[in-house]
There are 2 protein chains.
Amino acid sequence: MTIKQLEAFFWAAKLGSFSLAAARLCVTQSSLSKRIAELEADLGKPLFDRAGQRAVITDAGVRLLEHAGRMLELESLIRSDLDTQGTLRGSCRFGISELVASTWFPAFVARVRREHPDLVLEPHVELTSKLERMLERGELDFAIVPGPSASPNLSHEKVGELEYRWMASPERLPAGTVLTPAHFSEHPMITLSADARLSREVERWRAHVGVAIPHALVCNSLAALITLVMAGVGISTFPTAYVAPFLASGRLVALVSDPPPYNLNYCFHWRTDDPRAVVRVLREIVRAEANFLMPSPLWPAAT
Amino acid sequence: MTIKQLEAFFWAAKLGSFSLAAARLCVTQSSLSKRIAELEADLGKPLFDRAGQRAVITDAGVRLLEHAGRMLELESLIRSDLDTQGTLRGSCRFGISELVASTWFPAFVARVRREHPDLVLEPHVELTSKLERMLERGELDFAIVPGPSASPNLSHEKVGELEYRWMASPERLPAGTVLTPAHFSEHPMITLSADARLSREVERWRAHVGVAIPHALVCNSLAALITLVMAGVGISTFPTAYVAPFLASGRLVALVSDPPPYNLNYCFHWRTDDPRAVVRVLREIVRAEANFLMPSPLWPAAT
DNA sequence: TGGCTTTACGGTTTTCGTAATCATT
DNA sequence: AATGATTACGAAAACCGTAAAGCCA
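Residues numbered from 1 in each chain as written. Chains lettered and ligands numbered in written order. Predicted model: local features only at pLDDT ≥ 70, side-chain atom pairs only at ≥ 80, totals over all residues. Heavy atoms only, no water.

A.B. asks: What should I look at first to understand the overall build of chain A in this one?
C.D. replies: In terms of regular secondary structure, chain A is built from 12 helices and 11 strands. Each of the 303 residues in chain A was classed as buried or not, and the buried ones make up 51%. For chain A, restricting intrachain contacts to residue pairs at least 6 apart in sequence, the fraction spanning at least 24 positions comes to 77%. When the accessible surface of chain A is totalled, it reaches about 13100 Å², and 53% of it is carbon and sulfur. (Helix = DSSP H or I, 4+ residues; strand = E, 2+ residues; numbered from the N terminus. Buried < 20%, exposed > 50% of the residue type's maximum accessible area, 1.4 Å probe, protein only. Contact = heavy atoms within 4.5 Å. Areas by Shrake-Rupley, 256 points an atom, 1.4 Å probe, with all protein chains shown as cover.)

Have a look at this one:
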């Protein structure tokens, strides 16, 4: 019995698939299959029932699962306890939204590199729904996206809240305009792709207010969205703090609506069944470091 | 990090010596040394300080030790939980006294073989003090000898008590003779080797009574001792239950002394720091199976 | 010198990935 | 067909034991 075997078994069981487990552990299916076969040979009991296409866990497997989890947790604990003063090693895959990527993310990376120089970060910038799917499939260790998520396998912890307001270019509407249903017919709305959390919130707001909003343009890049709005193509909702430089320079103006659009709660999402210390430690860093109330450091303050 | 590495480290730390740990794990010193070196390389911290002749554990090693113990315990738990319905595997080295070996030991072996067919038993029949030393050095997993032991590293649990009486052959002394100091000058005493627990008890009794007892003959075999006493060579102390057939057939007679010699408490001794399930499980079997109140099954009842 | 540990080296075993095969949907 | 898991096999790496060398009492 080796730790690698138990790890292979654990993730195969948790993810319900040998191939997903293999991907998560960065080995081939073949290798993972053999690790589990060897564990079964060692214990003398089958851990999976290979009757169907998907391997389904046996009773013995269920009994082992809990122990295996504690074993991995313990290994993780050993490393975080000893390993160069609690320094993390290995690699960590995680997902962030574009907004997160362009706000506090550099500070997060800097801090992680300082405190855990041997940890390789592998960020994925995608829309919320895709990141949730990847997390479900075990392809990510955690994700920071607007939440909460509905999945029963995922836990979440709020790390920040952003206030959204309708905005437009000053050529299109004067600052402080009180929006009426008529405005929405007149001014095309620009949103993120339909599977972004942001778009879902816009839709909820629309339904609540009862106006019909024609989707003039859909884009999967928040930066592109802001550019389009500043170019006068249409209206959209942005976090006020995020676009503060543009509001200050007058390239964007905030509009007034009743009710105001919505606030998004950014959450740290992780697999509830993930026993590794890296998830816990990075969650604490995110919690301490979370600061969404800043514009992108890429933007010149005076622009 | 592998379980084997942690196991090597654990026993090296507990036994305070690489060579003893290597012997216990049935590998060469070289191999054990490398396992620990690899673990140190993996964790990035030295676990032992090799300045002196003996490797002495570092602070990091002390921190790891507890975790490693829990890891081995967990591995053991997994095996006992899954492995063919709680069946033990591997091998188990233990020590017993000659008396134990010739009384309930066959029943113990039968039961272990029935309940744990894959467990290889390696009994060592030696005198108490040698078995205690072997247990100290980690060369045994447990020992069943008269106790308790004084070592702080060993735990013990009483599993049986035997009543000893002075005995002789009927040719030498009539049954029921009340022993006086004069008898001890007259009749040579035959005892086990000086490092047997039994001999120590005899010595304590002698000091208490205040008689001088010349050691006529020392032997390291209880069976030989009985033979010698029956042959009329001298007197000795035996458990009454053990030699019941000889008392019944009149080949031995019990003598009376004030105070009576002593009772020996047979105990199951094990290393307090041994986290393996095999020790716990076998202890329970011994507790259930312990029956010293029987003569050796090797002796014809009518002899 | 003698006990204890590490290093060097070879031979065996294990492990891994590619690719092919088998089975199920 | 497409997906998911196992088997075959060659290459690379790990592991173990023997033997030699260091190192402190």
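A.B. asks: What's the story with the relation of the copies chain A and chain B in this structure? I'm lost.
C.D. replies: Here two copies of a chain appear, and what relates them is a rotation about an axis with a shift along it. After a rotation of 180° and a shift along the axis of 0.3 Å, chain A superposes on chain B with an RMSD of 0.2 Å. The transformation just described matches what one would write down for a two-fold rotation axis. (Least-squares fit on C-alpha atoms with pLDDT ≥ 70 in both.)

A.B. asks: Any chance you could explain the protein's contact with DNA strand C here in plain terms?
C.D. replies: As a structural note, the neighbourhood of DNA strand C is formed by 21 residues, with Arg35 of chain A together with Ser19, Gln29, Ser33 and Arg50 of chain B the closest of them. Considering DNA strand C, the proportion of its atoms within 4 Å of the protein that are sugar or phosphate atoms stands at 63%. Contact distances for DNA strand C include 3.1 Å between a phosphate oxygen and a backbone N or O atom of phenylalanine 18 of chain B. Here the surface near DNA strand C is built from residues that sort into three nonpolar, 11 polar and seven charged. (Near = heavy atom within 4 Å. Polar contact = N/O pair within 3.5 Å; in protein donor to acceptor, adjacent residues only side chain to side chain. Nonpolar A, V, L, I, M, F, W, Y, C, P; charged D, E, K, R; others polar.)

A.B. asks: Looking at this structure, I do not really get the packing of aromatic side chains. What am I missing?
C.D. replies: Two aromatic rings are characterised by how far apart their centres lie and by the angle between their planes. Residue and element names in this part refer to chain A. Throughout the structure, instances matching the rule amount to 22 aromatic pairs over all chains. Seen in terms of ring centroids, phenylalanine 94 and phenylalanine 142 are 4.8 Å apart; in terms of plane orientation they differ by 5°. Their pairing is stacked. Here phenylalanine 94 is found in strand E3 (residues 90–96), whereas its partner phenylalanine 142 is found in strand E5 (residues 142–146), with 48 residues between them in sequence. With respect to burial, phenylalanine 94 and phenylalanine 142 carry one shared label: buried. Here the aromatic cluster, defined as three or more aromatic residues joined through ring pairs, consists of Phe94, Trp104, Phe105, Phe108, Phe142, Phe268 and Trp270. (Phe/Tyr/Trp six-rings, centres within 6.5 Å; stacked < 30°, edge-to-face > 60°.)

A.B. asks: I would appreciate a short explanation of the domain arrangement of chain A in the present structure.
C.D. replies: Interfaces are often sized by the accessible area lost when the parts come together. Residues and elements named next belong to chain A. Structurally, chain A comprises domain 1 (3–82), domain 2 (90–160 + 265–289) and domain 3 (161–264). Here the C-alpha centroids of domain 1 and domain 2 sit 24 Å apart. Listed per partner, the contact involves 13 residues of domain 1 and 15 residues of domain 2. Around 1100 Å² of area is buried between domain 1 and domain 2 when both sides are counted, 54% of it from carbon and sulfur atoms. Of all residues in domain 1, Trp11, Leu20 and Arg24 give up the largest surface area on contact with domain 2, accounting jointly for 45% of the area buried on that side. Joining domain 1 to domain 2, the criterion identifies two salt bridges. The partner of aspartate 141 in a salt bridge is arginine 24, and the shortest N-O contact between them spans 3.1 Å. Counting every contact that joins domain 1 to domain 2 gives five residue pairs in polar contact (both at pLDDT 80 or more). Every element with two or more residues in the side of domain 1 that touches domain 2 is listed here: helix H1 (3–15), helix H2 (18–24) and helix H4 (59–82). (Domains from an automatic or database assignment. Buried area = accessible area lost by both parts, 1.4 Å probe. Salt bridge = Lys/Arg side-chain N within 4 Å of Asp/Glu carboxyl O.)

A.B. asks: For this particular structure, what's the right way to read the interface of chain A and chain B?
C.D. replies: Contact residues are listed per partner, giving 24 residues for chain A and 24 residues for chain B. Carbon and sulfur atoms supply 63% of the area buried between chain A and chain B, which totals about 2500 Å² over both sides. On the chain A side of the contact with chain B, His67, Ile78 and Leu82 of chain A bury the most area, a combined 25% of that side's loss. If you look at where chain A meets chain B, you find two salt bridges. With a closest N to O distance of 2.9 Å, aspartate 42 of chain A and arginine 79 of chain B form a salt bridge. At the surface where chain A touches chain B, the tally comes to four residue pairs in polar contact (both at pLDDT 80 or more). Listed by contribution, the elements that provide at least two residues to the side of chain A that touches chain B are H1, helix H3 (29–43) and H4 of chain A. If one sorts the elements of the side of chain A that touches chain B by residue count, H4 of chain A sits on top with 13 residues. In terms of residue class, the side of chain A that touches chain B is built from 11 nonpolar, four polar and nine charged.

A.B. asks: Mind showing me how you'd approach the protein's contact with DNA strand D here?
C.D. replies: Residues in contact with DNA strand D amount to 20 residues; listed here are only the nearest, Ser19, Ser33, Arg50 and Gln53 of chain A together with Arg35 of chain B. A breakdown of the atoms of DNA strand D within 4 Å of the protein gives sugar and phosphate a share of 68%. A distance of 3.2 Å separates a phosphate oxygen of DNA strand D from a polar atom in the side chain of serine 31 of chain B. Between DNA strand D and the protein, one listed contact pairs a base nitrogen with a side-chain N or O atom of lysine 34 of chain B at 3.3 Å.

A.B. asks: Before we go on, may I ask you to explain the pairing of strand E9 (residues 236–239) of chain A in this structure?
C.D. replies: For a regular strand, side chains alternate in direction, first toward one face of the sheet and then toward the other. Residue and element names in this part refer to chain A. Neither face of E9 is open: one carries Ser236 and Phe238, the other Thr237 and Pro239, and all of them are buried. In the sheet, strand E6 (residues 154–168) pairs with E9 via four bridges, with the strands oriented antiparallel. Within E9, the residue paired with tryptophan 166 across the bridge is threonine 237. (Pairing = 2+ DSSP bridges.)

A.B. asks: Help me out: how do you make sense of the UniProt feature "domain: HTH lysR-type" (unreviewed entry) in chain A in this one?
C.D. replies: Those residues carrying the UniProt feature "domain: HTH lysR-type" (unreviewed entry) are residues 1–58 of chain A in this numbering. From the first C-alpha to the last, residues 1–58 of chain A spans 18 Å; its make-up is 60% helix and 7% strand. (UniProt positions renumbered as here; feature names shortened; annotations may be inferred.)

A.B. asks: How should the pattern of salt bridges be read in this particular structure?
C.D. replies: Where charged atoms from two side chains of opposite charge approach closely, those side chains can pair. Residues and elements named next belong to chain B. If you walk through the whole model with that rule in mind, you get 32 salt bridges over all chains. Where arginine 276 meets aspartate 141, a salt bridge forms, and the shortest distance between an N and an O atom there is 2.6 Å. With arginine 276 in the loop between strand E11 (262–271) and helix H12 (277–289) and aspartate 141 in the loop between helix H7 (128–136) and strand E5 (142–146), this residue pair connects regions lying 135 residues apart in the sequence. Here arginine 276 falls in the partly exposed class, since its relative accessible area comes to 22%.

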